[in-house]
Structures are given as structure tokens and as C-alpha cells.
Amino acid sequence: MSEQQVLDCEPSQDLGCLGGWIGAALLWIKSHDITTEDCWPYDGRLGFCTIHTCAWRRKFKIKEVMAVYPVGSEEAFAWAVARQPVAVTISANETNLQFYNKSSGVYTGPCTGELNHAVVVVGYTRDAISGMDCWILKNSWGPKWGDNGFFYMRKGADGRNGLCGIVKANGFYPVPF
């Protein structure tokens, strides 16, 4: 789904790049059609809600927005992620994730205390080099960042909140029609 379409067309509810709420963005998508990221690519700044030619061809519809429950449970979170990607907010800043790249391996910290950056958790795995269990996250900073837009963050770390607060607040996922 196109993150940029949400930023451009519904900045009042989720505040876009100024900090927002994943649940509000998904509820907006539920009441509107949304196109693909290929059609309406992410550029990381608020733009104008215009009709893209390809937006008429491929659209997603959401039947329901679900929250991962209970909050603070990596087991519940892993169960949800095993079934579909889950959007979540983590604590991130320029010193902890900005310079992550393909050779960085599994991210183990440091993290800030504030949940301030939305990502999508697409799975989990065990890193072949370090042997650590890790979440596979898709970032919105584009394919030139990280490992083609993805990064790996240690799973099962930092107690009840998880590393960088990954399970501190609800994760959300759409249920398609």
C-alpha cells in the first residue's frame, strides 16, 4: 500500500511525517481506496492529494483494522507477524538507525525512550552470522537505506517492551476484503 498517498491525502488525522498514529492511518485507508507504493511512491514529505493515473487500476480495500493484543507480549506480536505484516512504532533517531546498512547485521541498540518512528514488521528469522533471533522490519526511508529498505533488529531483548519499544504499544494490521 502507498504510504505517500496517506501522507498526501489525510495529513489531518495521522499528522504524517510530524508524528502520527498508525491506527488512524489504517482507519483512513479502510474508508478510502488506496493504491500501491509502485504507483504512488514514498518521497518522505507532505505533498498534494492528486489522482495518479495508475491509482485507478490497483487498489486495496480493508475490511477491518486489528490491534495486536496483549501489549507488551513478544509472543502475541510474533503470532501476528507470522500471519501478516504488522505496523508498529519504535524509538528511533538519527544516531541509532540513520547509519544502518547491509553490513550492520542485527541492530541491538541503542534506542531512545520515545516511540517516534513507524515501521512495518514483515517477519522474523535467526541471523546466520550472529545466531540472534531478529525481527525483519521495512523502513520508509527507501531502498537505498539499510538492506534495500529493510533492517534486522534483535528479537527477545529489553524485557517487556522489546528492543526500541517494539511491543510497548499496539501493533496494527489490516484485514483485507
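Shown above is the structure to which this text applies.
The following refers to the structure shown.

Scanning the protein from terminus to terminus reveals four helices and seven strands. Helices and strands appear in the protein in the N-to-C order α-α-α-β-α-β-β-β-β-β-β. Taking the contacts inside the protein whose residues are at least 6 apart along the sequence as the reference set, 65% of them involve residues at least 24 apart. About 9,800 Å² of surface is accessible on the protein, with carbon and sulfur atoms providing 55% of the total.

Okay, the nonpolar core next. In this structure, Phe 77, Ile 90, Phe 151, Met 153 and Ile 166 are the most contacted members of the largest nonpolar core, which totals 26 residues. If you list the elements that add at least two residues to this core, you get helix H4 (74-81), strand S2 (86-90), strand S4 (117-126), strand S5 (133-138) and strand S6 (150-154). A per-element tally of this core places H4 first, with five residues.

Before going further, it helps to spend a moment on unusual backbone geometry. Along the chain, Tyr 69 connects to Pro 70 via a cis peptide bond; the corresponding omega equals 5 degrees. With respect to the secondary-structure elements, Pro 70 resides in the loop between strand S1 (62-67) and H4. With an omega of 5 degrees, the peptide bond between Gly 109 and Pro 110 qualifies as cis. On the secondary structure map, Pro 110 appears in the loop between strand S3 (106-107) and S4. Its identity is not glycine, yet Asn 148 carries a phi of approximately 55 degrees, on the positive side. Among the secondary structure elements, Asn 148 is positioned in the loop between S5 and S6.

Let us look at the environment of Ala 78. Positionally, Ala 78 belongs in helix H4. In this structure the C-alpha to C-alpha distance between Ala 78 and Lys 155, which are 77 residues apart in sequence, comes to 9.5 Å. If we skip the residues at most four places from it in the chain, Ala 78 touches Tyr 124, Trp 135 and Lys 155.

Burial analysis of H4 places six of its eight residues in the buried class, which makes it a mostly covered element. Contacts made by the buried residues of H4 are with S2, S4, S5 and strand S7 (172-176).

A few words now on the pattern of salt bridges. Where charged atoms of side chains with opposite charge meet at close range, the side chains can pair. Summed over all chains, the structure comprises two salt bridges. Close ionic contact of Lys 138 with Glu 37 constitutes a salt bridge, the shortest N to O distance being 3.4 Å. Taken together, the residues span a long stretch of sequence, with Lys 138 in strand S5 and Glu 37 in the loop between helix H3 (22-31) and S1 at a distance of 101 residues. When its relative accessible area of 27% is taken as the criterion, Glu 37 is described as partly exposed. For Arg 126, the salt bridge is made with Asp 133, and the minimal N-O distance between the two is 2.9 Å.

This part is about the side chain of Gln 5. Here Gln 5 is to be found in helix H1 (residues 3-9). Among the residues examined, Gln 5 registers a relative accessible area of 9% and is labelled buried. Within the local environment of Gln 5, its side chain forms a polar contact with the backbone nitrogen of Thr 35, the two atoms lying 2.9 Å apart. With near-sequence residues (within four places) excluded, Gln 5 lies in contact with Glu 10, Trp 28, Asp 33, Ile 34, Thr 35 and Trp 40.

Scoring rules and cut-offs
Residues numbered from 1 in each chain as written. Predicted model: local features only at pLDDT ≥ 70, side-chain atom pairs only at ≥ 80, totals over all residues. Heavy atoms only, no water. Helix = DSSP H or I, 4+ residues; strand = E, 2+ residues; numbered from the N terminus. Contact = heavy atoms within 4.5 Å. Areas by Shrake-Rupley, 256 points an atom, 1.4 Å probe, with all protein chains shown as cover. Core = buried A, V, L, I, M, F, W, Y, C linked by side-chain atoms within 4.5 Å. Buried < 20%, exposed > 50% of the residue type's maximum accessible area, 1.4 Å probe, protein only. Salt bridge = Lys/Arg side-chain N within 4 Å of Asp/Glu carboxyl O. Polar contact = N/O pair within 3.5 Å; in protein donor to acceptor, adjacent residues only side chain to side chain.

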